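# Fold and contact review
Residues per chain, in single letters:
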Amino acid sequence: MSYEPKLAAALSGATLRQLSHWRRGIGERGAVLVPELSASRPILYSFRDVVALRTCVRLRQEASLQRIRRALNTLREGLDEREHLSAYRLVAGGDTIYLADPDHAVDLVRSKGNLVIVEMVDVLAPFYRGGRRIPDLLEPRPHVSIDPAVRGGEPVVGGTRIPASEVAALLRDGVQPAQISDYYPGVTPEAALDAADFVDYVDSYADDAEIRQAAS
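Residues numbered from 1 in each chain as written. Predicted model: local features only at pLDDT ≥ 70, side-chain atom pairs only at ≥ 80, totals over all residues. Heavy atoms only, no water.

### Describing the nonpolar core
In summary, soluble globular proteins display a tendency toward joint burial of nonpolar side chains. Of all hydrophobic cores here, the largest spans 62 residues; its most connected members are Y3, L90 and I97. Only α1 (5–12), α2 (16–22), α3 (47–60), α4 (65–78), β1 (89–93), β2 (96–100), α5 (164–172) and α7 (189–203) provide two or more residues apiece to this core. Once you skip the residues sitting within four places of it in the chain, I97 turns out to touch L59, A63, R67, I68, A71, L90, V91, A92, V106, D107, L108 and V109. (Core = buried A, V, L, I, M, F, W, Y, C linked by side-chain atoms within 4.5 Å. Buried < 20%, exposed > 50% of the residue type's maximum accessible area, 1.4 Å probe, protein only. Helix = DSSP H or I, 4+ residues; strand = E, 2+ residues; numbered from the N terminus. Contact = heavy atoms within 4.5 Å.)

### Considerations on the side chain of E154
Looking at the secondary structure, you find E154 in the loop between β7 (144–145) and β8 (156–157). Given a relative accessible area of 17%, E154 falls into the buried group. Ignoring anything within four residues of it in the chain, the contact list for E154 reads M1, Y3, S145, P163 and S165.

### Observations concerning unusual backbone geometry
The residue after R41, namely P42, is reached through a cis peptide bond having omega -10°. When you line up the elements, P42 lands in the loop between α2 and α3. Positive phi, close to 55°, is recorded for D80, a residue that is not glycine. As for its position among the elements, D80 is in the loop between α4 and β1. We classify D80 as exposed; its relative accessible area is 52%. Residue R151 is not a glycine yet carries a positive backbone phi of 55°. Looking at where R151 falls in the secondary structure, it is placed in the loop between β7 and β8.

### Points about the pairing of β1
Taking burial as the measure, the five residues of β1 include four buried ones, the bulk of the element. Connecting the antiparallel pair β1 and β2 is a turn made up of two residues, with G94 showing a positive phi of about 65°. (Pairing = 2+ DSSP bridges.)

### A closer look at the pattern of salt bridges
On inspection of all chains with the given rule, the structure shows 10 salt bridges. Taking the shortest distance from any N to any O, the salt bridge between K6 and D203 comes out at 2.8 Å. Taken together, the residues K6 in helix α1 and D203 in helix α7 connect sequence positions 197 residues apart. Overall, K6 belongs to the buried group, its relative accessible area being 18%. Looking at D203, the relative accessible area reads 26%, which means it is partly exposed. Residue R110 is joined to D95 by a salt bridge in which the shortest nitrogen-to-oxygen separation is 2.8 Å. In this pair, R110 is assigned in the loop between β3 (105–107) and β4 (115–116) and D95 in the loop between β1 and β2, connecting sequence segments 15 residues apart. The partly exposed category is assigned to R110, whose relative accessible area is 47%. (Salt bridge = Lys/Arg side-chain N within 4 Å of Asp/Glu carboxyl O.)

### Quick look at the environment of Q179
Mapped onto the fold, Q179 is located in the loop between α5 and α6 (180–183). Accessibility expressed as a relative area gives 37% for Q179, which makes it partly exposed. Residues Q179 and P189 lie 10 residues apart in sequence; the distance between their C-alpha atoms is 7.8 Å.

### Observations regarding α1
With respect to burial, α1 is a largely interior element, eight of its eight residues being buried. Every buried residue of α1 is listed here: P5, K6, L7, A8, A9, A10, L11 and S12. Immediately downstream of α1, the backbone of G13 shows phi near 90°, a positive value.

Structure follows, in structure tokens:
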């Protein structure tokens with residue numbers, strides 16, 4: 001499963017403009033996150049990319065982009081950590097950013113190697129950004145789930161392999177929630193409404209100007 005920018009934005013809380021900006025480096029600083037599936041048109045993000053993007057969004061709420069780039073440069077160049085960004089727990093605190101382990105953290109901005117205790121952040125859990133609730137990544141709605149082992153991470157009706165987008169499309173075509181089970185046995189009206197609500201949420205990120213910029 002690959003995630004186009006609109007879906008990656010909706011699941012991570014980033015704006016489409018941020019996705020575009022974060023793909024680019026500045027001077028000697030590298031990009032914040034380059035999609036591992038496709039960094040050129042069509043832009044395609046992986047599930048790991050979405051997890052990493054949620055980390056970046058959480059960091060951006062408390063730290064400047066310059067500080068985030070500096071921390072990532074220390075991580076990649078200073079500590080020679082070359083795993084995908086989703087493999088690391090990064091936490092903003094005070095005027096720095098930490099690489100966090102269960103029992104300690106490394107200061108990536110002020111002085112690498114400085115060990116401190118910081119509060120752990122569950123990047124998969126729901127959070128708020130600009131008044132908007134960014135949903136739980138693995139369960140963005142009570143009856144919608146995302147699992148890399150199920151259809152490659154495509155959002156599906158919970159407990160099934162049925163894409164949420166297909167159920168939402170039926171509702172948009174006029175099929176009533178109670179009739180969805182005629183097409184997909186086992187999909188309850190509540191699950192159908194959740195699927196439609198999630199797809200509406202994703203579509204709320206579909207600003208044409210932003211999509212053009214994000215795809216550039």
